[in-house]
Amino acid sequence: MAAKKPLVGVVCDRKLIGPHSFHIVGDKYLKALMLAADVTPVMIPAMGLNSDVATWMEHLDGIFLPGAYSMLDPEHYGETSASETFDKDSERDATSLALIKRAIAEGMPILGVCRGFQEMVVATGGTLNQLLHEDDRYQDHREDKTQTLDEQYDKAHSVSFTKGGLLAQIAGCNEAMVNSLHVQGAGTIGSAAKVEAVSPDGLVEAISVIDSSNFAMAVQWHPEWKVLEDDVSKRLFARFGTACKQHQLR
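Scope of this entry: the structure provided in the associated data block. What you see is a predicted model; the values in this text were computed from it and never measured.

Before going further, it helps to examine the packing of helix α1 (residues 27-36) against helix α7 (residues 231-248). The axes of two packed helices give the description: the angle between them and the distance between them. Contact geometry of α1 with α7 gives a least axis separation of 9 Å together with a crossing angle of 75°. Taken together, the axes of α1 and α7 are roughly perpendicular relative to one another. Judged by residue contacts, A32, L33 and A36 of α1 engage K234, F237, A238 and F240 from α7. Taken together, the residues that form the contact of α1 with α7 break down as six nonpolar, no polar and one charged.

Moving on: the environment of P109. Among the secondary structure elements, P109 is positioned in the loop between α3 (90-106) and β6 (110-113). Taking the C-alpha atoms as reference, P109 lies 12 Å from D211; in sequence the two are 102 residues apart. Not counting residues within four places of it along the chain, the set of residues in contact with P109 comprises D61, G62, I63, N214, F215, F240, A243, C244 and H247.

Glancing now at the packing of aromatic side chains. Evaluated as defined, the whole model comprises four aromatic pairs. Site record: aromatic cluster; members linked through ring pairs are Y29, F64 and F237.

Quick look at the nonpolar core now. Ranked by internal contacts, the top residues of the largest apolar core, which has 36 residues, are L33, F64, F161, L167, F215, W221 and F237. F64 has contacts with V8, G9, V10, V11, Y29, L33, L111, V113 and F237, leaving out every residue within four places of it along the chain. Within the second largest apolar cluster, 29 residues are counted, among which are I100, A103, L128 and V209.

Strand order across the open sheet formed by nine strands is β4-β1-β5-β6-β13-β12-β11-β8-β9, with mixed pairing between neighbours. Every other strand in the sheet has two partners, leaving β4 (40-44) and β9 (175-178) as the edge strands with one partner each. When the angles between neighbouring strand axes are averaged without regard to direction, this sheet yields 25°. Of the strand pairs in this sheet, strand β12 (residues 204-209) and strand β13 (residues 216-219) are connected by three bridges, and their pairing is antiparallel. Residue pairing across strands places A206 opposite V219, the latter belonging to β13. Helix-sheet contacts for α3 involve β1 (7-11), β4, β5 (62-65), β6 and β12, and the interaxial angle to β5 is about 145°. Sheet strands touched by α7: β1, β5, β6, β8 (157-161), β9 and β13. Its angle to β6, the strand with the most contacts, is close to 150°.

Calculation notes
- Residues numbered from 1 in each chain as written.
- Predicted model: local features only at pLDDT ≥ 70, side-chain atom pairs only at ≥ 80, totals over all residues.
- Heavy atoms only, no water.
- Axes fitted to C-alpha atoms, helices over the stretch in contact; angles between N-to-C directions.
- Helix = DSSP H or I, 4+ residues; strand = E, 2+ residues; numbered from the N terminus.
- Parallel < 35°, antiparallel > 145°, perpendicular 65-115°, else oblique.
- Contact = heavy atoms within 4.5 Å.
- Nonpolar A, V, L, I, M, F, W, Y, C, P; charged D, E, K, R; others polar.
- Phe/Tyr/Trp six-rings, centres within 6.5 Å; stacked < 30°, edge-to-face > 60°.
- Core = buried A, V, L, I, M, F, W, Y, C linked by side-chain atoms within 4.5 Å.
- Buried < 20%, exposed > 50% of the residue type's maximum accessible area, 1.4 Å probe, protein only.
- Pairing = 2+ DSSP bridges.

These figures capture arrangement, not role.
Shown next as structure tokens:
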């Protein structure tokens, strides 16, 4: 009998579709976890303060934080919203932040992408830059939504990996080209996190958690997109999957 694959919880977004509220996760994230990390994804509903974090932690072998169109409420890092047009998802905020803190404390593997990266930044004591395109220090990191998805997710800029860092070790190189589809990004990095990659304009694009006893990393770009066609993306998901398998055997 084949060994059971690790169960990885994927935090849902709460989305209003018509008059009803749904809990959803993008198909691309689930497929990347199955195909590149070799794990079985399980969707965690965004129930906020009603989430049974203890039960999830008891049964899961890893946590995955996907991207989303909503923005993390800036109240979580002591600021007010810079735009009234931002979509928010308070139930996801509460669900993700609680799971991140518990997973770090218990040594459960975590991988975050885009919004998930921003959640990791805030959960480890950092803040977000809410409008990167209005900050003269940075290039415009947004996608052009008039383009096709293939064009939107095409490589947009390079990232340099921190010398001697975990991500550099995983990637097996010092630099890689990545896509860029985000309005917000890292503002400040908390003392609990380590910078793993930066873009040419100096924006932090990846972090890891310093005090975690297991794999705990997040990236601002979207490695899940056509994951099997990009070597660095495959390596990142594979390393996360390996960490989940190791946690499963504890």
